[in-house]
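# Residue-level structure breakdown
Below are the chains, spelled out letter by letter.
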There are 2 protein chains.
Amino acid sequence: MNNFTFYSPTEFVFGKGTETQTGTLAREHGATKVMIVYGGGSAVRSGLLDRVKLSLRQAGMPFCEMGGVQPNPTDGKVYEGIALCRNEKADMLLAVGGGSVIDTAKAIAAGVPYEGDFWDFFAGKATVEKALKVAVVLTIPAAGSEGSGNSVITKADTLQKLSLRTPKLLRPAFSIMNPELTFTLPPFQTACGVTDMMAHIMERYFTNTTGVEVADRMCEGVLMSIIEEAPKAMAAPNDYDARANLMWAGMVAHNGTCGTGCEEDWASHFLEHEVSALYGVTHGAGLAVIFPAWMKWMAAHHPRKIAQYAHRVWHVAPSADSRADALQGITCLQNFLRQLGMPLDLKELGVPHPDIDLLAHNLHLNKGELVGNYVRLTEADSREIYHIAMG
Amino acid sequence: MNNFTFYSPTEFVFGKGTETQTGTLAREHGATKVMIVYGGGSAVRSGLLDRVKLSLRQAGMPFCEMGGVQPNPTDGKVYEGIALCRNEKADMLLAVGGGSVIDTAKAIAAGVPYEGDFWDFFAGKATVEKALKVAVVLTIPAAGSEGSGNSVITKADTLQKLSLRTPKLLRPAFSIMNPELTFTLPPFQTACGVTDMMAHIMERYFTNTTGVEVADRMCEGVLMSIIEEAPKAMAAPNDYDARANLMWAGMVAHNGTCGTGCEEDWASHFLEHEVSALYGVTHGAGLAVIFPAWMKWMAAHHPRKIAQYAHRVWHVAPSADSRADALQGITCLQNFLRQLGMPLDLKELGVPHPDIDLLAHNLHLNKGELVGNYVRLTEADSREIYHIAMG
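The following refers to the structure shown. Residue positions within a chain follow its written sequence, with the count starting from 1. Chains carry letters and ligands carry numbers; both start at the beginning, A for chains and 1 for ligands, and go up in the order they are written. In keeping with the model being predicted, local features are shown solely for residues with a pLDDT of at least 70 and side-chain atom pairs are shown and tallied solely at 80 or more, while totals for entire chains, interfaces and linings include all residues. Note: side-chain values were computed over all heavy atoms of the structure, leaving out hydrogens and water.

### As for the packing of helix H10 (residues 267-279) of chain B against helix H11 (residues 283-301) of chain B
Residue and element names in this part refer to chain B. Packing of H10 against H11 leaves a shortest axis separation of 9 Å and a crossing angle of 130°. The pairing of H10 with H11 is recorded here as oblique in orientation. Between H10 and H11 lies a crossing of right-handed hand. Where H10 approaches H11, its residues Ala-267, Ser-268, His-269, Leu-271, Glu-272, His-273, Val-275 and Ser-276 are matched on the opposing element by His-283, Gly-286, Leu-287, Ile-290, Phe-291 and Trp-294. Among the residues making up the contact of H10 with H11, the classes are represented as seven nonpolar, six polar and one charged. Every angle, taken between N-to-C directions, lies between 0 and 180 degrees, and every axis is a line fitted to C-alpha atoms, over only the stretch in contact when it is a helix. Counting from the N terminus, the helices are the DSSP runs of H or I reaching at least four residues and the strands are the DSSP runs of E reaching at least two. Put simply, angles under 35 degrees are roughly parallel, angles over 145 are roughly antiparallel, angles from 65 to 115 are roughly perpendicular, and the rest are oblique. Less than a right angle of anticlockwise turn of the near helix away from the far helix marks a crossing as left-handed, whereas a clockwise turn marks it as right-handed. Any two residues whose heavy atoms approach within 4.5 Å at even a single point are treated as in contact. Charged residues are taken to be Asp, Glu, Lys and Arg, nonpolar residues to be Ala, Val, Leu, Ile, Met, Phe, Trp, Tyr, Cys and Pro, and polar residues to be all remaining types, Gly included.

### Digging into the relation of the copies chain A and chain B
The copies were overlaid by least squares, fitting only the C-alpha atoms of residues that reach a pLDDT of 70 or more in each copy. Expressed as a screw operation, the relation of chain A to chain B combines 0.0 Å of axial shift with a rotation of 180°, fitting to an RMSD of 0.0 Å. Expressed as a symmetry operation, the mapping of one chain copy onto the other fits a two-fold axis. Using C-alpha coordinates, one finds that chain A approaches the rotation axis most closely at Pro9(A), a distance of 1.8 Å. When the interface residues of chain A are mapped onto chain B, 100% of them are again interface residues, pointing to one common binding face.

### A word on the packing of aromatic side chains
Centres within 6.5 Å are what make two rings of Phe, Tyr or Trp a pair, Trp counting through its six-membered ring; a difference in plane orientation under 30 degrees is then read as stacked, over 60 as edge-to-face, and the rest as tilted. Evaluated as defined, the whole model comprises 40 aromatic pairs over all chains. Ring geometry for Tyr79(B) against Phe118(B): centres 5.0 Å apart, planes inclined by 70°, an arrangement best described as edge-to-face. Of this pair, Tyr79(B) sits in helix H4 (residues 75-88) while Phe118(B) sits in the loop between helix H5 (99-111) and helix H6 (119-122), placing them 39 residues apart in sequence. An aromatic cluster is built from Tyr205(A), Phe206(A), Phe291(A), Trp294(A), Tyr309(A) and Tyr374(A), whose rings are joined through pairwise contacts. One cation-aromatic arrangement involves Arg165(A) over Trp266(A); the distance from NZ or CZ to the ring centre is 5.3 Å. A positively charged side chain is recorded as over a ring if its NZ (Lys) or CZ (Arg) lies within 6 Å of the ring centre. The angle to the ring normal must also be within 35 degrees.

### Quick look at the side chain of Asp120(A)
Residue and element names in this part refer to chain A. Locating Asp-120 in the fold gives a position in helix H6 (residues 119-122). Throughout, exposure labels follow a simple rule: accessible area from a 1.4 Å probe, protein chains only, divided by the maximum for the residue type, with under 20% read as buried, over 50% as exposed, and the rest as partly exposed. Charged-residue counts in this description rest on Lys and Arg as positive and Asp and Glu as negative, His and the chain ends being excluded. We define a salt bridge as a side-chain nitrogen of Lys or Arg found within 4 Å of a carboxyl oxygen belonging to Asp or Glu. Although Asp-120 is buried, it forms no salt bridge, and the closest oppositely charged side chain is Lys-125 at an N-O distance of 4.9 Å. Other than its neighbours up to four places away in sequence, Asp-120 contacts Tyr-114, Lys-125 and Ala-126.

### Focus on the sheet that holds strand S3 (residues 63-66) of chain B
Backbone-to-backbone hydrogen bonds join strands into a sheet, with any given pair of strands oriented parallel or antiparallel. At least two DSSP bridges between two strands are required for those strands to pair. Strand order in the open sheet formed by twelve strands is S3(A)-S2(A)-S4(A)-S5(A)-S8(A)-S1(A)-S1(B)-S8(B)-S5(B)-S4(B)-S2(B)-S3(B), with mixed pairing between adjacent strands. Because the sheet does not close on itself, it has two edges, and the strands there are strand S3 (63-66) of chain A together with S3 of chain B. The sheet shows a mean angle of 25° between the axes of neighbouring strands, direction not considered. Here six bridges tie strand S4 (residues 92-97) of chain A to strand S5 (residues 133-138) of chain A, and the two strands are oriented parallel to one another. Counted as the bridge partner of Met92(A) is Lys133(A) from S5(A). The strands that helix H5 (residues 99-111) of chain A touches are strand S2 (34-38), S3, S4 and S5 of chain A; relative to S4(A), the one it contacts most, it runs at about 170°. Of the strands in this sheet, strand S1 (4-14) of chain A together with strand S1 (4-14), strand S5 (133-138) and strand S8 (174-177) of chain B are in contact with helix H9 (residues 240-252) of chain B, which crosses S1(B) at around 150°.

### Regarding the pairing of S4(A)
All names here are of chain A. Counting buried positions over the six residues of S4 gives six, a clear majority of the element. Neither face of S4 is open: one carries Met-92, Leu-94 and Val-96, the other Leu-93, Ala-95 and Gly-97, and all of them are buried. Bridge analysis of S2 against S4 gives five bridges, and the strand direction is parallel. Its bridge partner lying in S4, Met-35 is registered against Leu-93.

### A look at the pattern of salt bridges
Under the definition given, this model contains 32 salt bridges over all chains. In this structure, Glu19(A) and Arg51(A) form a salt bridge, with 3.0 Å as the shortest nitrogen-oxygen distance. Of this pair, Glu19(A) sits in the loop between S1 and helix H1 (22-28) while Arg51(A) is found in helix H3 (residues 48-58), placing the two residues 32 residues apart along the sequence. A residue is classified by how much of its surface remains accessible, and Glu19(A), at 4% relative accessible area, is buried. You can call Arg51(A) partly exposed: its relative accessible area is 32%. Of the charged contacts in the structure, one is a salt bridge between Arg383(B) and Glu379(B), with a shortest N-O distance of 3.7 Å. Within this pair, Arg383(B) and its partner Glu379(B) are both found in helix H15 (residues 379-389), separated by four residues, close to a single helical turn. Salt bridges sharing partners connect three or more residues here, namely Glu213(A), Arg217(A), Glu220(A) and Arg312(A).

### Quick look at the interface of chain A and chain B
With 40 residues of chain A in contact, the opposing surface of chain B contributes 40 residues. When two parts are put together, the accessible area they lose, computed with a 1.4 Å probe and summed over both, is reported as buried area. Both sides of the chain A and chain B interface together cover about 3,500 Å² of buried area, and 59% of this is carbon and sulfur. Here Glu11(A) and Lys168(B) are joined by a salt bridge, their closest N and O atoms 2.7 Å apart. Whenever two N or O atoms come within 3.5 Å, that pair is a polar contact, provided that in protein one can donate a hydrogen and the other can accept it, and provided that, for residues adjacent in sequence, both atoms are side-chain atoms. Across the chain A-chain B interface, the total number found is 18 residue pairs in polar contact (both at pLDDT 80 or more). Those elements giving two or more residues to the side of chain A that touches chain B turn out to be S1, helix H8 (213-235) and helix H9 (240-252) of chain A. Of all the elements, S1(A) adds the most residues to the side of chain A that touches chain B, at eleven residues. For the side of chain A that touches chain B, a count of residues per class yields 17 nonpolar, 14 polar and nine charged. Of the strand pairs in this sheet, S1(A) and S1(B) are connected by nine bridges, and their pairing is antiparallel. Its bridge partner being in S1(B), Ser8(A) is matched across the sheet by Ser8(B).

### Some details on the environment of Pro71(B)
Residue and element names in this part refer to chain B. One can find Pro-71 in the loop between S3 and H4. When its relative accessible area of 62% is taken as the criterion, Pro-71 is described as exposed. It is 22 Å that separates the C-alpha atoms of Pro-71 and Leu-337, two residues lying 266 residues apart in sequence.

### Here we look at the pairing of S2(A)
All names here are of chain A. Summarising burial for S2: five of the five residues are buried, a large majority. Burial along S2 is two-sided: Val-34, Ile-36 and Tyr-38 facing one way and Met-35 and Val-37 facing the other are all buried. Across four bridges, the pairing between S2 and S3 is parallel. Within S3, the residue paired with Val-37 across the bridge is Met-66.

### Some words on the packing of helix H7 (residues 187-205) of chain A against H8(A)
In a pair of packed helices, the angle between the axes and the distance between the axes together describe the arrangement. Residues and elements named next belong to chain A. Running from N to C, H7 and H8 cross one another at 170°; their axes reach a closest spacing of 10 Å. Taken together, the axes of H7 and H8 lie roughly antiparallel to each other. Across the interface between the two elements, Pro-187, Thr-190, Ala-191, Val-194, Met-197, Met-198, Ile-201, Met-202 and Tyr-205 of H7 pack against Asp-216, Cys-219, Glu-220, Val-222, Leu-223, Ile-226, Ile-227, Ala-230 and Met-234 of H8. A class-by-class count of the residues in the contact of H7 with H8 yields 15 nonpolar, one polar and two charged.

### With respect to unusual backbone geometry
One non-glycine residue, His315(A), adopts positive backbone phi at about 60°. Within the element layout of this structure, His315(A) appears in the loop between helix H12 (304-313) and helix H13 (322-339). Positioned with a positive phi, Trp266(B) is a non-glycine residue whose angle comes to about 75°. Mapped onto the secondary structure, Trp266(B) falls in the loop between H9 and H10. Classification of Trp266(B) by relative accessible area gives buried; the value is 9%.

### Comments concerning the nonpolar core
Residues grouped as a nonpolar core are buried Ala, Val, Leu, Ile, Met, Phe, Trp, Tyr and Cys residues, joined through side-chain atoms within 4.5 Å. Of all hydrophobic cores here, the largest spans 236 residues; its most connected members are Trp294(A) and Trp294(B). Dropping the residues within four chain positions of it, Trp294(A) is found in contact with Phe206(A), Asp265(A), Ala267(A), Ser268(A), Leu271(A), Ile306(A), Tyr374(A), Leu377(A) and Ile385(A).

### Let's talk about the environment of Thr127(B)
With respect to the helices and strands, Thr127(B) occurs in the loop between H6 and S5. Each C-alpha atom, one on Thr127(B) and one on Thr166(B), is 8.5 Å from the other, the two residues being 39 residues apart in sequence.

What follows is the structure, given as structure tokens:
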């Protein structure tokens, strides 16, 4: 087991009707004025935004607001938010939405007290040393941003999609998680969220670090619970317990609970980011194609942990052939993703003629000569994985 | 799934040599003067206390100290600590030790800014509204106090052993967890710690709350990892990874990670506390006797979750007879505890002639007419469980 720090100071308030506590929680966490950040019209149409505002008013908490954050959020909204927040002198960013909204709120929180350009943090030119508080009312379980200190923003003019990871400052002060708010998520978005949270766990689980039995068993347990609950939520969108389990799984998948003490991999995420960047696919759907392709390549080159995954998560009977066991586990995963309606190859993803040389070239240009940790991939390896993803 | 709050703001710094970070962490968490609290001589003899003091000096952090905290800590040391801390104007209590030391530090932290008697908090006469910061260098994985907001103190004159549970204020600011510090733990203490952490998970796991698949799978996973790692640590006390897994398991067992959204039980702990109070047995060893007895009674009256435990944790093949499955699981647990050297009945625990009427009477006098939640036990039920514990 490697040395590690686990720090997840967020107060998670989970369950039915919990958004009515927004005002009280903002006050308890020291806000004097809140800036609400939200996305498209769904938070308005559903009445959620009104309930949040009512709660703030009842707690005597002043607020301002900025809507219009889009999926794959860009720097434009961050600059707009920083200007508004400074002008309004708000001291807490309250994200009402999913990962894109939360990530925008985090970027604003870091940008407001910073004299330079907030993009410096994402470009690695500056470190966040001060930030306003961030809080969340979550509506989409997927990205896990409600429990992490991370933010992903795209620079609109160059289409650079970069991530900022802070160990402490951008972790939300509180996150309100009401599973009822996810009843209206469309099946495709539900399935993409499920794929994303499973990927967050697997990026940590596929590791060469040994002696991590607690981490392994927790990863396997959360994966098994997602596999149990996701089909229920797909079949009956108002199944509270299924939605609740998925919502909590999405958080523990990414706040550090899973994978403590493990070297993490993240190659699949990076391989997918290039596909998203070039072809504009949805991240979760892209992962449904890329992650199994990465696993198939690993089954051939380094099956150990993929076979353990097959045995323990999918209950594949252990044989003498760990590669065969690994492949069986991958088939189980793909059958599951198929059941959720996810694409299984690049063609189904809407990319019938990918420029694999360009994808691999961009990946290694952005991320260096070797990518990932479970096996450190060369550009030639990455090309092979993209080829596998063609089906 | 029930509504819940998960709040674990502690910064856990885990791994080899991490105690050298004590001074830096105390500074980062805002201390201006630290009061070290420790127990008997082992922290002195091992050189740990010197390393901690060196780290504080290197960070320019002033400190004072109080040693001599005993197992089953009493109010006397708390009063002594409060007086010393006020006199020295320390603003962070640094516990170097296990549960007893941490619980004493927490009681001092609550008592210093309070004008009345600190015992008011434990007697339920006052609520902690302000507390000094608490930090931990952990030496015994068992009680989970390094991640919880709880403290258990015994009043020496009346022998009342009462617990204080705070949702927020007494959770440690940081906990340093170096598994190497546990290499010298004697086998009996290691085994008692293992039993205690398993019990902390099972008190949460044996619930009637349905729709808690993530919680179930995480509990089962951590239990399986403890069952895998504990015999390794018993066989080879310097097995770093085994010690590391046990140390982390003891934390997640009790900081709220396990059992989110579940109604918890705790009858076994209460049944054991009466045995400890009357006969002075070690808590972990008492649990090794009482918890399986409670489970056997449950197998007869309400086997559902006990059978699931048998199937998933001990891999008992599911049959049509859930009571028989449950009993098989309990046998597996008892074989495991036997392997660790734990007692299996009250006689082996050193209580050959327990006064069962008095134990049950005291239990229900202290805890009310009905105890626990999985099945709410009457005094007659509790007597039956104590009888089962006789073997």
